[in-house]
Amino acid sequence: MVDVTEKMDNPTFRSDTVLSDVHLHRPKKRHLMVRLNAAGQPVFLSYFKLLRNTEDSASNEHVREATTEREHQNRNGDELCDKDGNNLKKERKLSSEGIEALLDDDGDLEVVRRPQSASDLEAEDLLRDRVYPVILMKGKEDAFEDEEEECSCRDVVKIEHTMATPLEDVGKQVWRAAFLLADYILFKWDTFRCCSVLELGGGTGITSIIMGTVAKRVYCTDVGEDLLAMCEQNVALNKHLMEPGRGEVKVKELDWLKDEFCTDPGAPYSWSEEEIADLHDHCTVIMAADVFYDDDLTDALFRTLYRITHNLRNSCTVYLALEKRLNFTLRHMDVTCEAYSHFRNTLQDLENFQDRKIKYTAEPIKLDFCQFLVYERIEQL
């Protein structure tokens, strides 16, 4: 639905509010509003607990423990279902022997209830509780103390974010594909150890922060001073995750609609000549998460990728994570995923592009790696 202002000679379009549900699926945690940003939007601070400590993320024993725990939960669910079913059999047996089995102490009839299904049991016992925003009132700055005591600082990522924004501000929210990419980084941490990394469309910075726990240097980029300030604040909040002497995360402006890096000394997140040279000389990994929702921006991103990779001294691997979002369109009168289709077509065009200097190849990554952050890993990822 789009609103149009009354001045038809100069129409202004306002997009609907967009909401990410990542922060609504966290176990018994509060979301506390800490401030209003420059745009007047409420900013919340959320704790995202790592399922395993990043220090020993390479431990096969911990991988087995995580797998065993999930299997144990599944078995518990099955056992509960079996127990419920056995109880029903006993009740049926008693009821067949006499009506007394269905009467309570007062002689009233007791109705035998259907057993809970496996999905009901999972929803009740296995899935995470839904939580909702709470406003942090003045003088309540210690509201997180209990949560901090529950877990080690190295197990927690602290992220400032907004919860619902216009489409143009979606980078201020936390999205599933960022968590998916973070999972892969923690799973394949040795691949990224001591790398120099560029993130395009870093948003709140959560993926760059996770990458910063293993890589040597990360350039986290996006556009918009308010968003970049939030990202920089998140990097500062998570210094405890970085190893001394490594894990430097630099927040920089990078506009895909422009052909050059921002080098204006007066701009707060501009690049120095030394940083641009460092990127070109040492970057071997580029990543982006959930940035393919607008066809024009997708085209601009691939142009930026082409321009940057052409200037890199070393070969580079680009990791792209996204969620295929299905929408019903009047044009097709059907459920489609146009943004994803455009992304795939553009990716194929890049592979087919003839260039003597560089060759692009694309391949999918299987999503059977471990989950290190608490979120819903849906089939559309």
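Keep in mind it's a predicted model, so treat the numbers as computed, not measured. (Residues numbered from 1 in each chain as written. Predicted model: local features only at pLDDT ≥ 70, side-chain atom pairs only at ≥ 80, totals over all residues. Heavy atoms only, no water.)

Trainee: Residues and numbers for the packing of aromatic side chains, please.
Mentor: Within a pair of aromatic rings, the relevant descriptors are the distance that separates the centres and the angle that separates the planes. Enumeration according to the criterion identifies 15 aromatic pairs in this entry. Measuring from centroid to centroid gives 6.4 Å for Tyr 306 and Tyr 360, while their planes differ by 40 degrees, and the two rings are tilted. Of the two residues, Tyr 306 sits in helix H9 (residues 295-310) while Tyr 360 sits in the segment after helix H10 (338-352), which places them 54 residues apart along the sequence. Centroid distance Tyr 340 to Phe 343: 6.1 Å. Interplanar angle 40 degrees. Geometry classified as tilted. In this pair, Tyr 340 and Phe 343 both sit in helix H10, three residues apart, roughly one turn of the helix. One aromatic cluster is present, built from ring pairs that chain together Tyr 184, Phe 187, Phe 192, Tyr 319 and Phe 369. In this structure, Lys 324 packs its charged tip against the face of Tyr 340, placed 5.1 Å from the ring centre. (Phe/Tyr/Trp six-rings, centres within 6.5 Å; stacked < 30°, edge-to-face > 60°. Helix = DSSP H or I, 4+ residues; strand = E, 2+ residues; numbered from the N terminus. Lys NZ or Arg CZ within 6 Å of the ring centre and 35° of its normal.)

Trainee: Go over the nonpolar core with me, naming the residues and quoting the values.
Mentor: The nonpolar side chains of a soluble globular protein tend to be buried, and buried together. Counting 45 residues, the largest nonpolar core has Phe 48, Val 157, Phe 179, Ile 185, Phe 192, Val 197 and Met 211 as the members making the most contacts within it. Those elements that provide at least two residues to this core are strand S7 (156-161), helix H4 (176-187), helix H6 (206-212), strand S10 (217-222), helix H7 (225-237), strand S11 (248-253), strand S12 (283-289) and strand S13 (317-321). With nine residues, the top contributor of residues to this core is H4. In this structure Phe 179 touches Val 22, Phe 48, Val 174, Ile 206, Leu 373, Val 374 and Tyr 375, once residues within four positions along its chain are discounted. (Core = buried A, V, L, I, M, F, W, Y, C linked by side-chain atoms within 4.5 Å. Buried < 20%, exposed > 50% of the residue type's maximum accessible area, 1.4 Å probe, protein only. Contact = heavy atoms within 4.5 Å.)

Trainee: Go over the pattern of salt bridges with me, naming the residues and quoting the values.
Mentor: Applying the stated rule across the entire model yields 13 salt bridges. Note that Asp 226 and Lys 172 form a salt bridge whose closest N and O atoms lie 2.9 Å from each other. Of the two residues, Asp 226 is situated in helix H7 and Lys 172 in the loop between strand S8 (164-165) and H4; the sequence distance between them amounts to 54 residues. Looking at Lys 172, the relative accessible area reads 4%, which means it is buried. One network of salt bridges, in which partners are shared, links Arg 217, Glu 248, Lys 250, Lys 252, Glu 275 and Asp 278. (Salt bridge = Lys/Arg side-chain N within 4 Å of Asp/Glu carboxyl O.)

Trainee: Give a detailed account of the sheet that holds S11, specifying residues and quantitative values.
Mentor: Strand-to-strand pairing in sheets goes through backbone hydrogen bonds, with the strands running parallel or antiparallel. Across the sheet, five strands lie side by side as S11-S10-S9-S12-S13; this open sheet has parallel pairing. Taken across any chain shown, the strands that pair with only one partner, and hence form the sheet edges, are S11 and S13. Taking the axes of each pair of neighbouring strands and ignoring which way they run, one obtains an average angle of 20 degrees across the sheet. Against the sheet, H7 contacts S10 and S11, and its axis sits at roughly 175 degrees relative to S11. (Pairing = 2+ DSSP bridges. Axes fitted to C-alpha atoms, helices over the stretch in contact; angles between N-to-C directions.)

Trainee: Provide a residue-level description of a nonpolar patch on the surface, including the pertinent values.
Mentor: Taken together, the side chains of Leu 326, Phe 328, Leu 330, Met 333 and Val 335 define a hydrophobic patch exposed on the protein surface, amounting to about 580 Å² of accessible area. As for its placement among the helices and strands, Leu 326 is situated in the loop between S13 and strand S14 (327-329). Given the relative accessible area of 52%, Leu 326 is considered exposed. (Patch = residues over 30% accessible without salt bridge, like charges linked within 9 Å, V, L, I, M, F, W, Y side chains within 5 Å. Areas by Shrake-Rupley, 256 points an atom, 1.4 Å probe, with all protein chains shown as cover.)

Trainee: If you had to explain the pairing of S12 to someone new, which residues and values would you point to?
Mentor: Of all seven residues in S12, six are buried, a share of seventy percent or more. Pairing analysis gives four bridges linking strand S9 (residues 196-199) to S12, with the strands arranged parallel. Each residue of the ladder has a partner; that of Val 197, found in S12, is Val 285. Note: S12 against S13, five bridges, orientation parallel. Its bridge partner being in S13, Val 285 is matched across the sheet by Thr 317. Assessed by its sense of winding, the connection that carries the chain from S12 through H9 to S13 is right-handed. (Right-handed = clockwise from strand over helix to strand, strands pointing away.)

Trainee: So what's going on with helix H8 (residues 273-282)? Which residues, and what values?
Mentor: When we look at burial in H8, the residues that qualify are Glu 275, Ile 276, Asp 278, Leu 279 and His 280. Where the residues of H8 are buried, they touch S9, S10, S11 and S12.

Trainee: Please provide a residue-by-residue account of the confidence of the model for the protein chain, values included.
Mentor: Chain-level statistics for the protein chain give a pLDDT mean of 78 and a share of 66% at 70 or above. This stretch, residues 53-81, has a pLDDT under 50; its non-local contacts, to residues over four places away or in other chains, come to 22 contacts. Note on residues 114-119: pLDDT under 50 across the span, and seven contacts to partners over four residues away in sequence or across chains. (pLDDT = per-residue confidence, 0-100.)

Trainee: Describe the side chain of Ser 208, and please don't skip the residues or the numbers.
Mentor: Residue placement: Ser 208 occurs in helix H6. Accessibility expressed as a relative area gives 0% for Ser 208, which makes it buried. If sequence neighbours within four positions are ignored, Ser 208 has contacts with Glu 199, Val 218, Cys 220, Val 249 and Met 287.

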